[in-house]
Amino acid sequence: MTTIPPLSAHGGTGDQPAPETRLRGLAARPGSTALDAATLANLKKVTQYYIVTAFLALFIGVMIGPLQALNYGGVDLYNLPILRNLIQSYYQGLTLHGVLNALVFTQFFISGWMLYLPARELGVGLNMKFAWFTYWMMTAGLLTAAVPLLMNDATVLYTFYPPLEGSPVFYIGAAVMVAASLLVVAQVVGMWLRWKRENPGRVTPIVSFMSVATWLMWCLASLGLVVEALALLIPWSLGLTSGVDPLLARTLFWWTGHPIVYFWVLPAYISWYAFLPRQAGGRMISEPLTRLAFVMFLVFSVPVGLHHQYADPNVNNTWKTIHMFLTFLVAVPSLLTAFSVGASLEDAARHRGGSGLVGWIRHLNWRDAGMTAQVLALVSFIFGGAGGILNASLAFSPVVHNTAWIPGHFHITVGTATTLSFMGIALWFVPHLTGKRLASPKLGLTSVWLWFWGMMLFALGMHWQGLAGVPRRAHVSATAQPAVYDAMHIALPKLFTAVSGMILFAAGVAFFWVLFRTLLSPRVEDGEATPVPYSPVLSSAGTDLATASTLVKRTEPLLAITLFALVLVLIVYLPVIGPMIANYQAVPGQRLW
Ligand code: HEM
Ligand SMILES: [Cu+2]
């Protein structure tokens, strides 16, 4: 049963102009600094650079993953001569895997994606010199950090917890990369403010609204890492200070480290909300609701980091508990998203002739690899999100803390919800940016299914091993005491994990084959032949603030909301950080590799 009015012939629902017209209308406003054709072509190019750099990083990162999965399957390949020449230890490989996948791939993809989308939708011109400068600065940071990583001089894992001490070059490179992301924030927020000046009284279009909210959230979130790098890690690794306080460093790290997961997932949500419905043949359900979800993420993503530190001593339990409840609050906008995107998909499937309580699911456009990737990513996130609520619980966290459960969890969140969405997005975005036609769409579809099932099996194996007590970040296949693991009766989950590694290897090879063949093929058409798939909207936010609903009016002032969020973050962090500064313990660095 559905109460949603049917799709009209032109695909929209009346009060909402088709997005293409909306765009053209804006660009034609007298006195506006419109995005002209030359700037658009240049913007596409810089975006393409971001996206290709992102996938090159993912390619290397993903090639290391199966070795780790085999490790958790009891198979140790790290003594093979070819591997020995490339990586010196399990932990150097793991550091590269974490940094390249979780930090580099995500940041580059997101920077390209969330620069392009608002620029395109708002249609205002932008300073392309600045955009290129930012790209090159981020790349310079990446290359700088890569040198010590590849030379086994910064085998500190992607969390770089002190007192593990890597080369200063690593921390400096990473800091430059993060600083470059803040320049993207400045450019996008600047663009939005200019649009607001040129369009007084208008409601910010939805894709730009989501992008700006996400960037502002990242701006607040990154403060912890910025302070950690500039005040603690860089001076210490340069030898300017005698030591660093590990607890303070970890607390600053998790100030950024939790919300960074929303920085990874919200750009996928943008696509799930605004583009996936069209790709599935339906409509976005509600712009006001979407705006509410993003505002909730902006406010509640950051003040929650202590849920990663339940096991840390010298942190007041009351604050740990407050962070826990705030974490549960961030689950609310994720649930809004799941139901709202689920409704879009149901709308699409019913429009395509689907019926029944769940039978409609078969009528989604399963031939389309891009849509399939994102729907499977969403399914994966339902499991990942449920696990996340468990992880955040003070009572349950000690059961899984630092066990294989944790990587099991985040491979179905960032490793699938985010990564598989970005893979699916690339299947239209790369043709759109380059004017090249997607090579082997069928192989693309196969790769998407392999990734999904590979990650499901991986998650099963790793969650299970974690519950049995297997630690994470451990070269378990080379342990000197195998009897400890044998006593855990984990033959089956070990087998699952090893097999999943092989499936994921096949998925990765297939996907990158499609992607790189597409990129290396000649340009055959105008990229606009593959348009940005803006979805028609069932319940629009309208375009005029004066006549908009209260929800739309209240969510429009994103800068004021960010300020409120900052106050909340300070309220829950200053009483935690203050005593740490007062009792600062300078611990000298260690190299364990
Ligand atoms: C071919 C697919 C992949 C496989 C088989 C794989 C496998 C693994 C395994 C077994 C671990 C646990 C290692 C340990 O705790 O000792 C791990 C860690 C990790 N993986 Fe993956 N992974 C894959 C893809 C990804 C992707 C796509 C991402 C993120 C975008 C990712 C991010 C991470 C991170 C952040 C860690 C934690 C590193 C650490 O603890 O320092 N992985 N991976
Ligand atoms: Cu967290």
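Rules used throughout
Residues numbered from 1 in each chain as written. Chains lettered and ligands numbered in written order. Predicted model: local features only at pLDDT ≥ 70, side-chain atom pairs only at ≥ 80, totals over all residues. Helix = DSSP H or I, 4+ residues; strand = E, 2+ residues; numbered from the N terminus. Buried ≥ 20, exposed ≤ 12 C-beta atoms within 10 Å, placed from the backbone. Contact = placed C-beta atoms within 7 Å. Near = placed C-beta within 6 Å. Nonpolar A, V, L, I, M, F, W, Y, C, P; charged D, E, K, R; others polar. Expected span 1.5 Å × (residues − 1). pLDDT = per-residue confidence, 0-100.

Caption draft 1: Quick peek at the overall build of the protein. Assigned secondary structure in the protein consists of 20 helices and two strands. Residues classed as buried in the protein amount to 53% of the 593 residues present. Counting contacts in the protein only where the partners sit at least 6 residues apart, residues at least 24 apart contribute 87% of the total.

Caption draft 2: Seen up close, the site of ligand 1. The local shell around ligand 1 holds 25 residues, among which Gly65, Gln68, Gly98, Asn101 and Leu504 are the closest. Of all the secondary structure elements, the ones that give two or more residues to the shell around ligand 1 are helix 2 (37-71), helix 4 (90-122), helix 15 (405-434) and helix 18 (491-520). Ranked by the residues each element gives to the shell around ligand 1, the list is headed by helix 4, at six residues. Classifying every residue of the shell around ligand 1 by side-chain character gives 13 nonpolar, ten polar and two charged.

Caption draft 3: Inspection of helix 5 (residues 128-150) at higher detail. With 23 residues, helix 5 extends 32 Å between its outermost C-alpha atoms, agreeing within 8% with the 33 Å of an ideal straight helix rising 1.5 Å per residue. Buried residues of helix 5: Ala131, Thr134, Tyr135, Met138, Gly141, Leu142, Ala145, Ala146, Pro148 and Leu149, and no others. Along its buried surface, helix 5 packs onto helix 2, helix 4 and helix 6 (168-198). Once helix 5 ends, the next one or two residues include Asn152, with phi positive near 60°.

Caption draft 4: Local environment of the environment of Gln465. Inspection of the secondary structure puts Gln465 in helix 16 (residues 441-468). Overall, Gln465 belongs to the buried group, with 28 C-beta atoms counted inside 10 Å. Counting along the chain gives 127 residues from Gln465 to Leu592, while the straight-line C-alpha distance between them is 26 Å. Setting aside anything within four residues of it in sequence, one finds Gln465 in contact with Tyr72, Ala404, Val470, Ile490, Pro493, Lys494 and Thr497.

Caption draft 5: Focus on unusual backbone geometry. With an omega dihedral of 10°, the bond running from Pro162 to Pro163 counts as a cis peptide bond. Locating Pro163 in the fold gives a position in the loop between helix 5 and helix 6. Despite not being glycine, Asn152 has its phi angle at roughly 60°, a positive value. Here Asn152 shows up in the loop between helix 5 and helix 6. Residue Asn152 is classed as partly exposed on the basis of its 16 C-beta neighbours within 10 Å. Phi at Leu157 is positive, roughly 60°, even though this residue is not glycine.

Caption draft 6: A look at the environment of Leu182. On the secondary structure map, Leu182 appears in helix 6. With 16 C-beta atoms packed within 10 Å, Leu182 lands in the partly exposed category. It is 8.5 Å that separates the C-alpha atoms of Leu182 and Trp215, two residues lying 33 residues apart in sequence.

Caption draft 7: Expanded view of the confidence of the model for the protein. Here the protein averages 94 in pLDDT, while 94% of its residues score no lower than 70. The model gives residues 6-31 a pLDDT under 50, and that stretch makes 28 contacts with residues more than four places away or in other chains.

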